[in-house]
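Structural overview for review
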Amino acid sequence: MSESDWLEHTCQVEVPVPVEQVWDLWASLTLMPRWMKWIRSVELLDQELSRWTLDTRGLTFSWISRTHTVVKHQHIGWSSVEGLPNRGALRFYDRKGSTIVKLSVAYKIPGILGKILDGLFVGKVVESTIQADLERFKAYALEHAGPATENASAS
């Protein structure tokens, strides 16, 4: 698979919650369907592997993903090892009381179909969905973070 066969999107959001709490919420993979619109489920298979199921408009895709990079409070990287070809990185930037969460996702749609669909429609839908997911995560983090959030919000 050449790099030109992959479509990539990057979005970010600033969450007014300390990085430690943002990390703890995001690192709980099985909670992701609470804020990720298209993710129906995440099942942990072992320390590195997880099974993901995406469901949108009647289309269901699944894959097994391997987490290959973890730098606590800074970076999580993954790539699929079976099923829907995808990879990505999640980065956390500590802003002393708030956290910038930056999500990059790359995926492969077979052949020229991917380039046409991405240019016309799919890319815009995927990117707007990822941004909305990050905004839902922000609301979730504000609702579920501990008391340090109140102090961070007051400043």
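It should be emphasised that the depicted structure is a prediction, and the values quoted were computed from it without experimental measurement. (Residues numbered from 1 in each chain as written. Predicted model: local features only at pLDDT ≥ 70, side-chain atom pairs only at ≥ 80, totals over all residues. Heavy atoms only, no water.)

Moving on, we come to the nonpolar core. One broad trend across soluble globular proteins is that nonpolar side chains are buried collectively. Among the nonpolar cores identified, the biggest contains 38 residues, and W26, F92, V101 and F137 are the most heavily contacted of them. Mapped by element, the contributors of at least two residues to this core are β1 (6-15), α1 (19-27), β2 (39-44), β3 (49-56), β5 (75-83), β6 (86-94), β7 (99-108) and α2 (111-144). Sequence-distant contacts of F137, defined by excluding residues within four places in its chain, comprise V15, V22, L25, W26, W35 and V101. (Core = buried A, V, L, I, M, F, W, Y, C linked by side-chain atoms within 4.5 Å. Buried < 20%, exposed > 50% of the residue type's maximum accessible area, 1.4 Å probe, protein only. Helix = DSSP H or I, 4+ residues; strand = E, 2+ residues; numbered from the N terminus. Contact = heavy atoms within 4.5 Å.)

Inspection of every chain in the model, using the stated rule, returns five salt bridges. Among the salt bridges present, the one from R136 reaches D133, with a minimum N-O distance of 2.3 Å. Here the residue R136 and the residue D133 both occupy positions in helix α2, the gap between them amounting to three residues, near one helical turn. Given the relative accessible area of 33%, R136 is considered partly exposed. Take D133: its relative accessible area is 6%, and that puts it in the buried class. (Salt bridge = Lys/Arg side-chain N within 4 Å of Asp/Glu carboxyl O.)

The strand order across the open sheet built from seven strands is β1-β7-β6-β5-β4-β3-β2, with neighbouring strands paired in antiparallel fashion. In this open sheet, the two edge strands, each paired with only one partner strand, are β1 and β2. Across this sheet, the average inter-strand angle for adjacent strands is 20°, counted without regard to direction. Across ten bridges, the pairing between β1 and β7 is antiparallel. Considered in β7, the bridge of W6 is made with K108. On top of the sheet, α1 reaches β1, β4 (59-71), β5, β6 and β7; it is set at about 155° to β6, its chief contact. (Pairing = 2+ DSSP bridges. Axes fitted to C-alpha atoms, helices over the stretch in contact; angles between N-to-C directions.)

A word on the pairing of β2. The side chains of a regular strand alternate, residue by residue, between the two faces of the sheet. Looking at chain direction, β2 and β3 are connected through five bridges and run antiparallel. Bridged to V42 within β3 is W52. Counting the residues that bridge the hairpin from β2 to β3 gives four residues.

Counting buried positions along β7 gives nine out of ten residues, so the element sits mostly inside the fold. As defined by bridge partners, β6 adjoins β7 across nine bridges and the pair is classed as antiparallel. Looking at β7, one finds that N86 is bridged to Y107. Between β6 and β7, which follow one another and run antiparallel, lie four residues, and K96 among them has a positive phi close to 50°.

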